[in-house]
Amino acid sequence: MSHLVENLKIACATQRSISHVCRAIDINRQQFNRYINGETRPSAHNLTRIANYFDVAAADFALAPRLFRERLRKATLGLNQSSELFKAFPGDLSALRRHIGYFQTYHRSPSWPGMVVCSCSRIVEKGGLVHVKSIERLRDPGNGIQQFTKYVGLAAFYRNRIFITERVVDPNPILSQTILLPFDEYQRVYLRGTTMGVSWRKENLPYASRMIWRHVGVEPDLRELLSRCEPLPLSSRKLPPTVRSFLSDLSAEVYAVPAEY
């Protein structure tokens, strides 16, 4: 099995225990022991899951141990897993896995009064954490504005709530916080909640508003998904009825902190 067994042991030595690794990956401990002992080789699917947990490529497990250690070190460089904040992620990993995939997201912003900002996000498991990547594309031809913003962040699951913290990929980043609530155990298309951030057209004033995410699958047409990212009026037929109803409710008014404060 080449260097697979030794590299698996090297990777597991960076974790609290093999049991912890098995729970995080959701793989049978006895089966994993057979991998560690060289009795059998992981299937391509399971090896990919293991590699994703350690934030390396499946092919990296075939590297010489010295090279694998270096690859593993780079994957974890800069992640201070002893910090109290970092320990909050991912929370209930098995619950978060139910929401892996791509989403069309909708919220109201003071930068676009009376409009719904439609963006897209992806929830993906990697390196034992659940990462969130979002794209916001805003165009205002009348004022010559075209904005393309990327966000990266982490998700945690506690008490049937999904907590998402993101930062803008920019030399001068900002942070945003979103809290989402699944409708119920069996209905996973929509996640509703609130988002808190800063407006980009209103002197970067803090604001909070309702937000709703619509799951569109694990492998959607990404070009089509991105094409839907734009500000839309509440009356737009492009908005699903569930989204329109949730965001047009009288209690869905955007709350922004006035400049004088």
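Computed from a predicted structure; not experimentally measured. One numbering rule holds for all chains: residues counted from 1, following each sequence as written. In keeping with the predicted nature of the model, local features appear solely for residues at pLDDT of at least 70, side-chain atom pairs appear and are counted solely at 80 or more, and the whole-chain, interface and lining totals rest on all residues. Water and hydrogen atoms play no part in the side-chain values, which are based on all heavy atoms of the structure.

Remarks on the overall build of the protein
Each helix corresponds to a stretch of at least 4 residues labelled H or I by DSSP, and each strand to a stretch of at least 2 residues labelled E; elements are numbered beginning at the N terminus. Along its length, the protein carries 8 helices and 10 strands. Partly exposed describes any residue whose relative accessible area lies between the buried limit of under 20% and the exposed limit of over 50%, with all areas from a 1.4 Å probe on protein chains only and scaled to the type maximum. The buried share among the 261 residues of the protein stands at 42%. Note on definitions: a residue-residue contact is assigned when non-hydrogen atoms from the two residues lie within 4.5 Å. A sequence separation of at least 24 residues applies to 54% of the contacts in the protein between residues at least 6 apart. All accessible-area figures derive from a Shrake-Rupley calculation using a 1.4 Å probe, and residue coverage is judged against the displayed protein chains alone. Total accessible area on the protein is roughly 14,600 Å²; 52% of this is exposed by carbon and sulfur atoms.

Digging into the pattern of salt bridges
For salt bridges, the criterion is a side-chain nitrogen of Lys or Arg within 4 Å of an Asp or Glu carboxyl oxygen. For the structure shown, the criterion picks out 4 salt bridges. Between Arg71 and Asp60 there is a salt bridge, with the nearest N and O atoms lying 2.7 Å from each other. In this pair, Arg71 is assigned in helix 5 (residues 65-76) and Asp60 in the loop between helix 4 (44-53) and helix 5, connecting sequence segments 11 residues apart. The partner of Glu230 in a salt bridge is Lys238, with the nearest N and O atoms 3.0 Å apart. Given the relative accessible area of 18%, Glu230 is considered buried.

Considerations on the pairing of strand 2 (residues 115-126)
Most of strand 2 sits inside the fold, with 9 of its 12 residues counted as buried. Two strands qualify as a pair provided DSSP detects at least 2 bridges between them. As defined by bridge partners, strand 1 (residues 101-107) adjoins strand 2 across 7 bridges and the pair is classed as antiparallel. Residue Tyr106 lies in a different strand from strand 2, and its bridge partner there is Cys118. Note: strand 2 against strand 9 (residues 231-233), 3 bridges, orientation antiparallel. Bridge pairing in strand 9 places Val117 opposite Pro231.

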